[in-house]
Amino acid sequence: MEIVREISQLRAGLDAARAQGKTIGLVPTMGALHDGHLSLVAKARQECDVVVVSVFVNPTQFNDPKDLQSYPRTEQADCELLQAAGVDFAFVPSVAEMYPEPDTRVFDLGPVAEVMEGAMRPGHFNGVAQVVSKLFAITQPDRAYFGEKDFQQIAVIRRMVELEGFNLEIVPCPIMRHADGLAMSSRNVRLTHEQRAVAPAIHRALAASVEYAKSHTPAETIAHVVDEINSQPFMQVEYYQIVDGKTLQPITAWAETSEPVGCVTVFCGDVRLIDNIKY
Ligand code: PAF
């Protein structure tokens, strides 16, 4: 595996691979890698000749400077995991390499980016679109892999791909969970022992609500899930919405969509966790 810090060096390596007719798979990450990321890498490894994993904590997608500062950074351990996973290129650029000057681009991401995370974290998805579009332009992958834990992010990236005319396939990958159900996340390491012990209640409430939803409306189901999670110590739901899986717009009746998805954000102490469930 090559650890590459410069865009020109990565381009040269990938141009050479492309010239030999090899397909390229990109897994964009912010590092602090866990088995969720490694499942994306494994899928890319299966489906592509050359696998590139970017490890870059993108400042433009953090609307809270404290969150950016406290985001875990574990570059050496990340590179060891990527090497063991058979990755060809670990792309680990500096902020100056990715943003030699401020990125002032504003993407017209439309309604998918206006709800939920878009409403709670102004500018977040524009920052995601900025960095992911740069990564796509640099690597020109055939496929790019994203985890469904960030369900809305995938819809936003699809929209960005449409706007920018990138010719690639977005590959969504299922949420990876710990044995107790908690969705794997780089933020989980920030939970205290006591918070970590109650955090699986998020997935428990979501999973139980699938049965509940069969005899209740979306609004009743939302209230049920929120009460359930908020009854746990340390836990405060920021939002729970049931939306159409394509448009990400909230539904008021199950018949409005064939793909209802419940998306939740919960503060567990000061750690913001997200998860979702398909109904
Ligand atoms: O999902 C993430 O880790 C980030 O939002 C991404 C896609 C790597 C862009 O920085």
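Here the structure is shown first, and the text comes after it.
Residues numbered from 1 in each chain as written. Predicted model: local features only at pLDDT ≥ 70, side-chain atom pairs only at ≥ 80, totals over all residues. Heavy atoms only, no water.

1. Some thoughts on helix H10 (residues 201–213)
- For H10, built from 13 residues, the straight-helix expectation of 18 Å at 1.5 Å per residue is met to within 8% by its first-to-last C-alpha distance of 18 Å.
- Where H10 is buried, its residues contact helix H9 (193–198), helix H11 (218–230), strand S7 (235–244), strand S8 (260–268) and strand S9 (271–278). (Helix = DSSP H or I, 4+ residues; strand = E, 2+ residues; numbered from the N terminus. Expected span 1.5 Å × (residues − 1). Contact = heavy atoms within 4.5 Å.)

2. Focus: the pairing of strand S2 (residues 24–29)
- A large share of S2 lies buried, amounting to 6 of its 6 residues.
- Here S2 shows no split at all, with Ile24, Leu26 and Pro28 on one side and Gly25, Val27 and Thr29 on the other all buried.
- Sheet analysis places S2 next to strand S3 (residues 50–55), joined by 6 bridges and oriented parallel. Counterpart to Thr29 in the pairing with S3 is Val55. (Buried < 20%, exposed > 50% of the residue type's maximum accessible area, 1.4 Å probe, protein only. Pairing = 2+ DSSP bridges.)

3. A short note on helix H2 (residues 35–47)
- Spanning 13 residues, H2 covers 18 Å between terminal C-alpha atoms, matching the ideal 18 Å at 1.5 Å per step.
- Looking at the buried residues of H2, the elements they touch are S2, S3, helix H4 (75–84), strand S5 (143–147) and strand S6 (169–173).

4. What about unusual backbone geometry?
- Of note in the backbone geometry, Met116 takes a positive phi value of approximately 45 degrees without being a glycine.
- Relative to the helices and strands, Met116 is located in the loop between helix H5 (95–98) and helix H6 (117–120).
- Given the relative accessible area of 3%, Met116 is considered buried.
- A positive phi angle, near 65 degrees, is found at Leu248, a position not held by glycine.
- Take Leu248: it is sitting in the loop between S7 and S8.

5. Things to note about the site of the ligand
- Surveying the vicinity of the ligand reveals the residues Pro28, Thr29, Met30, Asn58, Gln61, Val131, Phe146, Asp150 and Gln153.
- Between Gln61 and the ligand, the recorded distance is 2.6 Å, taken from a side-chain N or O atom to an oxygen atom.
- Note that an oxygen atom of the ligand is positioned 2.7 Å from one of the side-chain N or O atoms of Gln153.
- Coverage of the ligand by the protein chains reaches 89% of its 290 Å² of free accessible surface.
- Considered class by class, the residues forming the shell around the ligand number 4 nonpolar, 4 polar and 1 charged. (Near = heavy atom within 4 Å. Polar contact = N/O pair within 3.5 Å; in protein donor to acceptor, adjacent residues only side chain to side chain. Areas by Shrake-Rupley, 256 points an atom, 1.4 Å probe, with all protein chains shown as cover. Nonpolar A, V, L, I, M, F, W, Y, C, P; charged D, E, K, R; others polar.)

6. Concerning the sheet that holds S9
- Within the open sheet, the 3 strands sit side by side as S7-S8-S9. Their pairing is antiparallel. Of all strands in the sheet, those bounded by a partner on one side alone are S7 and S9. With strand direction ignored, the average angle separating the axes of adjacent strands in the sheet is 15 degrees.
- One ladder, built from 8 bridges, connects S8 with S9; its direction is antiparallel. By the bridge assignment for S9, Cys268 is matched with Val271.
- Across the sheet, H11 touches S7 and S8, and the angle it forms with S7 is around 155 degrees. (Axes fitted to C-alpha atoms, helices over the stretch in contact; angles between N-to-C directions.)

Everything listed is a geometric property; what it means functionally is a separate question.
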